[in-house]
Each structure stands twice: as C-alpha cells, then as structure tokens.
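Structural overview
The residues making up each chain are set out below.
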Amino acid sequence: MGTVTAADLRTLLHAAADHAAAHLEADVDAPVRAPRTPAEMVEAFAGPLPDQPTEAAAVLDELVAVASPGITRTTSARFFGFVVGGSLPAALAADWMTAAWDNNAGLSEPTPAVAAAEQVAGEWLKDILGLPATASFALVTGCQMAHVTALAAARHVVLARIGWDAERDGLVGAPPVRVLAGAERHVTIDRALRLLGLGTARLEPIAVDARGAMRPDALAAALRDGADGPAIVCAQAGNVNTGAVDPLAPIIDLVHAHGAWAHVDGAFGLWAAAAPARRALLDGVERADSWATDAHKWLNVPYDCGIAVVAHPDAHRAAMTATAAYLVQHAGGPREPVDWTPEFSRRARGLAVWAALRSLGRAGVAELVERTCACAERFALALDGEAGVEVLAQGLNQVLVRATAGDRATDALVAALQEDGTCYPTPTTWRGGRCMRISVSNWQTTADDVDRSLAAIRAGLAR
Ligand SMILES: Cc1ncc(COP(=O)(O)O)c(C=O)c1O
C-alpha cells in the first residue's frame, strides 16, 4: 500500500466528518427506518475478498454508499425502539478521539490519560447515580457484561462466606448458590448466570405485581421457605416493558436480613436517580451490594458502554483481576482498569463518559431524564384517550401500548409506523399479548417529536 501523507489523512478524516455530519443533519426529517432489509444489505456488501489494496478515501466513500441505505436512524429524536439512546455531541466527538488515540485502556502506565479519564468518569457516575463513593466500578461493553462483572463479585462473596474459593476452585463440587430474581427480570440476568456457571435452572422467579415489579412479600416467602446458604437476589430498576422499578428499600432489607447479596439491574432505570424529582422511585438503591447500568442508553454515549458498580471493592477485584509478568502494574499505584473488568485489552470508554458528563453537568443529566420521562407521559396521556389503542403501562421513559383489536392489529400498527418512517417503536410480547413499546431515550426528543409521532400513530390506526 502506498504512503499516506499527513495531508491525505487530514483530507480523509474531514471527509469522514462530512459524511457523519450529513447523516446526522438528515435525522431531522429523513425516515427513521433503514430502507433496505437485512438480506438486501448482505447482498450489497457481498463480494470476494479483494486481492489488491484500495485507497482509504475510496474505501470510505464505498462504505458510506453501500451502508447508508441499511442504516436505521437510531440517532433520531423519534427512534423509540428498545432502549437505545443516541450520541451526545461531546460524547460522539470524544469517541472519535478515542479511536484516533487508539489507546488500550487496560493499564494506566502506557496510557495514563485514558485511565485517568476513566477513573474520574467512574467517580462522577457514582456521584450522579447516588451510589457509595467507596464502591468500585468497571466500564464494560454493556449491561450484560456489567451483570457478569457484578455477579462474579457476588459469587465470590457468598461462596467465600462458607469457605469456598470460587476463583481458584470453580463451581464443580461447590455448594449450591440460590439466585432469586423477579419473574419479569431482563434476559441478560439469565445469560449472566449461564456465563458464570451458576446456571439458569435453579433461578427462582419471584412473583411480580401488576406493573412487573418484584413483590417483597413473595421474596420474603421464598427466602424464608427455601434452603439456607449462599444466595443472590437480583432486583430491577426499570422493567424493559413497563418501566416499573422494584420496591428496592424493602427488597434490599429482606436480602440483607437473610445474609444474601443484593444486585440491581438498572440498565436504564438507575438514571432516574440523576433527576431529583424521580429519585424517590429508587429509594434505598444505594444500600445494594452491586449495580449494573449503561452509559449507552439514557446517558446517550455512543455504543458500547456498560457500567458495573460494586459496594465491596475487594470482592470485585478478586473476581476480576489479572496480571502477567510483561504488564506494568504498581502495587499501591494508580487504579488499573484491568483489575476490575472481564476484558484484558479494551476500548477507552471512559473518554466518552467523561465528555458526556462534562458537557451535560448534573443539571443537564437531570433535564435529559426529566424531559424524556415527560415525553413518555405525554405519549401515554394522549394515547389513553385514543380510540383503537390501550395504554397498558407507563413508567419512567417507557410506554406500553396495544391495539384494542388484538395482537395482529398491534403488530400491523408497529409495522405501519416503521414503514411510515416518522418514528420507530418496536413490538414486544407482554403477559401473552402483543404490544408496542415506545422508549424515549434520545437526548434530543421534545414534545414536538411526540406530537409528530402521535399524528403518525393516529394515521396508522385510521388505516
Ligand atoms: C433492564 C435491562 N437490563 C439489561 C439490559 C441489557 O443491556 P445491554 O444491551 O447494554 O447489555 C437491558 C437492555 O435493554 C435492559 O433494559
């Protein structure tokens, strides 16, 4: 491959910036859904591995031309699928710098700036989420791996208490560990149990209330009636369908009275703690033993970035640390990311988190959470009075709706809305029935976006 001059590189990066800006500018009015199907995109990208090099500028143009028709505008203010969030400008720019610097954020010694930004970002995260300043943290790929990280620390502690060393001896022959979680827990809890060797078969689902929040009385009965011994309870702040938050204070009290570990899945819901008016919903959350959440959802940091926080740093470190003779780690020295994460080499995610929090500040995060919750409430209020639909639940930034004509009509409505392109809700099944989920997670969404989307929903219902 020929030499790339500094001028060529600058031209290339400017071209990438122009493509990116053009894409984001078009978010305002372009249809949210990608025009092409997954199969069409495979066809568009397909082709033999090239034998010869191609100039980077040509590769960039080709990439943008081929990919663009298959890019759904998840950065749009009217993308309401899953719980996605867009990218705050400062976080997006920091993410570009992350790629340009390309530092491996495993250790502080060769890459001091990225380790330091991560350390400060972690302190800020605990502060804004109202979690103990003494807790340890890790930035990982997403809430899935945050569960794995935090529950590995839980596994360490509950087994160490009865004299079993989980890291050294594994789980073959280990005493059984009870895991209890709400019947409407997120699927990533189950997968974390699979990955940690705890298994899903012994998971004890605890009954939930009408909104999908764990019932403390059912948990109390399960803890009382089940076997004594090591136990972990996974509570939830933010049901993915209803937005419901488990009653954390009584749950955590029960768990601790039983000598068990309390973990909170707060993938998005934990961010309610950053909005003073919503904070009471999470009463008691700071007393848990571990928490898992995301920066790539409600904080609007680019993918990927999950956050594990553990109230017992020694256990967290024991579960995760790794070292090798060729690494530079100073005892008593600065925080080393590799001590807290399941990854070895890793992206410097702390830069984008730092930039997001630096740009919004405490007030900006509170406003973002508050505004998106208010948008969800606006949806619910308007749809509640609408013929042909029923609002099943609304909590935090989530709205759960169904067509009164039934499952097929609900699926048809979601499909029609995605096809129309004004907004992009996603379908789900809740309690046996098909529903439409509206998750307001984007930093840009306003009441005007809600009203434009409501008009599209009304048009969809009229068809
Ligand atoms: C409650 C809850 N937990 C966990 C997850 C998984 O998060 P991630 O996709 O970042 O792994 C989600 C994703 O929507 C969620 O809503």
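As the structure is a computational prediction, the values presented were derived from the model and not from experiment.

How each quantity is defined
- Residues numbered from 1 in each chain as written.
- Predicted model: local features only at pLDDT ≥ 70, side-chain atom pairs only at ≥ 80, totals over all residues.
- Heavy atoms only, no water.
- Helix = DSSP H or I, 4+ residues; strand = E, 2+ residues; numbered from the N terminus.
- Polar contact = N/O pair within 3.5 Å; in protein donor to acceptor, adjacent residues only side chain to side chain.
- Near = heavy atom within 4 Å.
- Areas by Shrake-Rupley, 256 points an atom, 1.4 Å probe, with all protein chains shown as cover.
- 1 Å grid on protein atoms, 1.4 Å probe; cavity = no way out; pocket = protein on both sides within 12 Å on 5 of 7 lines; lining within 4 Å.
- Sits in = over half its atoms within 2 Å of the grid points.
- Nonpolar A, V, L, I, M, F, W, Y, C, P; charged D, E, K, R; others polar.
- Buried < 20%, exposed > 50% of the residue type's maximum accessible area, 1.4 Å probe, protein only.
- Pairing = 2+ DSSP bridges.
- Right-handed = clockwise from strand over helix to strand, strands pointing away.
- Points joined across faces, edges and corners; volume = space filled by probe spheres on them.
- Domains from an automatic or database assignment.
- Contact = heavy atoms within 4.5 Å.
- Buried area = accessible area lost by both parts, 1.4 Å probe.
- Salt bridge = Lys/Arg side-chain N within 4 Å of Asp/Glu carboxyl O.
- Axes fitted to C-alpha atoms, helices over the stretch in contact; angles between N-to-C directions.
- Core = buried A, V, L, I, M, F, W, Y, C linked by side-chain atoms within 4.5 Å.
- Parallel < 35°, antiparallel > 145°, perpendicular 65-115°, else oblique.

1. Considerations on the environment of Asp217
Along the chain, the position of Asp217 falls in helix α9 (residues 216-225). For the pair Asp217 and Ile251, spaced 34 residues apart in the sequence, the C-alpha separation amounts to 9.0 Å. There is a polar contact of 2.9 Å between the side chain of Asp217 and the side chain of Arg215.

2. Some thoughts on the site of the ligand
In the vicinity of the ligand there are 13 residues, among which Gln144, Asp265, Asp294, His296 and Lys297 approach most closely. Cys143 is positioned such that a nitrogen or oxygen atom in its backbone is 2.9 Å from an oxygen atom of the ligand. The separation between an oxygen atom of the ligand and a polar side-chain atom of Asp294 is 2.6 Å. Surface burial for the ligand is 85%, taken as the share of its 400 Å² of free accessible area covered by protein chains. Under a 2 Å grid-point criterion requiring more than half of the atoms, the pocket assigned to the ligand is the second largest pocket. Considering only residue class, the shell around the ligand consists of four nonpolar, six polar and three charged.

3. With respect to the pairing of strand β2 (residues 178-182)
The buried fraction of β2 is high, at five of five residues. Sheet analysis places β2 next to strand β4 (residues 231-236), joined by four bridges and oriented parallel. The residue of β4 that forms the bridge with Val179 is Ile232. You can see the chain leave β2, run along helix α8 (residues 187-195) and come back into strand β3 (residues 203-206), and the turn it takes is right-handed.

4. Regarding empty space enclosed by the protein
Evaluated as defined, the whole model comprises three cavities of 30 Å³ or more. Considering only enclosed or pocket space, the largest cavity measures out at about 60 Å³ in volume. Lining the largest cavity are Asp95, Thr98, Val301, Pro302, Tyr303, Asp304, Cys305, Arg347, Ala348, Arg349 and Ala352.

5. As for the domain arrangement of the protein chain
Here the protein chain is described as being made up of domain 1 (6-30 + 34-71), domain 2 (93-357) and domain 3 (361-462). When each unit is reduced to the centre of its C-alpha atoms, the spacing between domain 2 and domain 3 is 29 Å. Domain 2 puts 30 residues into the contact, and the matching count from domain 3 is 27 residues. Here domain 2 and domain 3 share an interface that buries about 2,100 Å² over both sides, 54% of which is from carbon and sulfur atoms. Of all residues in domain 2, Asn241, Arg278 and Trp298 give up the largest surface area on contact with domain 3, accounting jointly for 35% of the area buried on that side. If you look at where domain 2 meets domain 3, you find four salt bridges. Arg362 serves as the salt-bridge partner of Asp127, at 3.1 Å between the closest nitrogen and oxygen. At the junction of domain 2 with domain 3, the criterion picks out 14 residue pairs in polar contact (both at pLDDT 80 or more). Classifying every residue of the side of domain 2 that touches domain 3 gives 16 nonpolar, eight polar and six charged.

6. Structural notes on the sheet that holds strand β8 (residues 389-395)
Strand pairing in a sheet relies on backbone hydrogen bonds. The paired strands run either parallel or antiparallel. Taken in spatial order, the four strands make up an open sheet running β8-β9-β11-β10, and their pairing is antiparallel. Two strands close off the open sheet at either side, each with one partner strand: β8 and β10 (426-430). Put simply, the sheet's adjacent strands are angled 35° from each other on average, direction ignored. Direction of pairing for strand β9 (residues 398-403) relative to strand β11 (residues 433-439): antiparallel, over a ladder of four bridges. Directly across from Val399, in β11, lies its bridge partner Ile438. Against the sheet, helix α12 (residues 350-384) engages β8, β9 and β11, with an angle of about 155° to β8. Lying on the sheet, helix α13 (residues 407-420) is in contact with β8, β9, β10 and β11; it crosses β11 at an angle near 30°.

7. With respect to the nonpolar core
With 56 residues, the main nonpolar core has Leu219, Leu248, Trp271, Trp291, Leu299 and Val353 as its most contacted residues. Every element with two or more residues in this core is listed here: α5 (112-128), β1 (136-140), α9, β4, α10 (248-257), β5 (261-265), β7 (306-310) and α12. Among the elements that take part in this core, α12 stands out by supplying seven residues, more than any other. Judged by nonpolar contacts, the second largest core, of 26 residues, contains Ile189, Cys234, Ala319 and Met320.

8. Some thoughts on the packing of helix α6 (residues 143-160) against helix α11 (residues 313-320)
Contact pair α6 / α11: the axes reach a minimum separation of 8 Å and the direction vectors enclose 105°. As far as their axial angle goes, α11 and α6 are roughly perpendicular. Two secondary-structure elements touch here, α6 through Val148, Thr149, Ala152, Ala153, His156 and Val157 and α11 through Ala315, His316, Ala318, Ala319 and Met320. A class-by-class count of the residues in the contact of α6 with α11 yields eight nonpolar, three polar and no charged.

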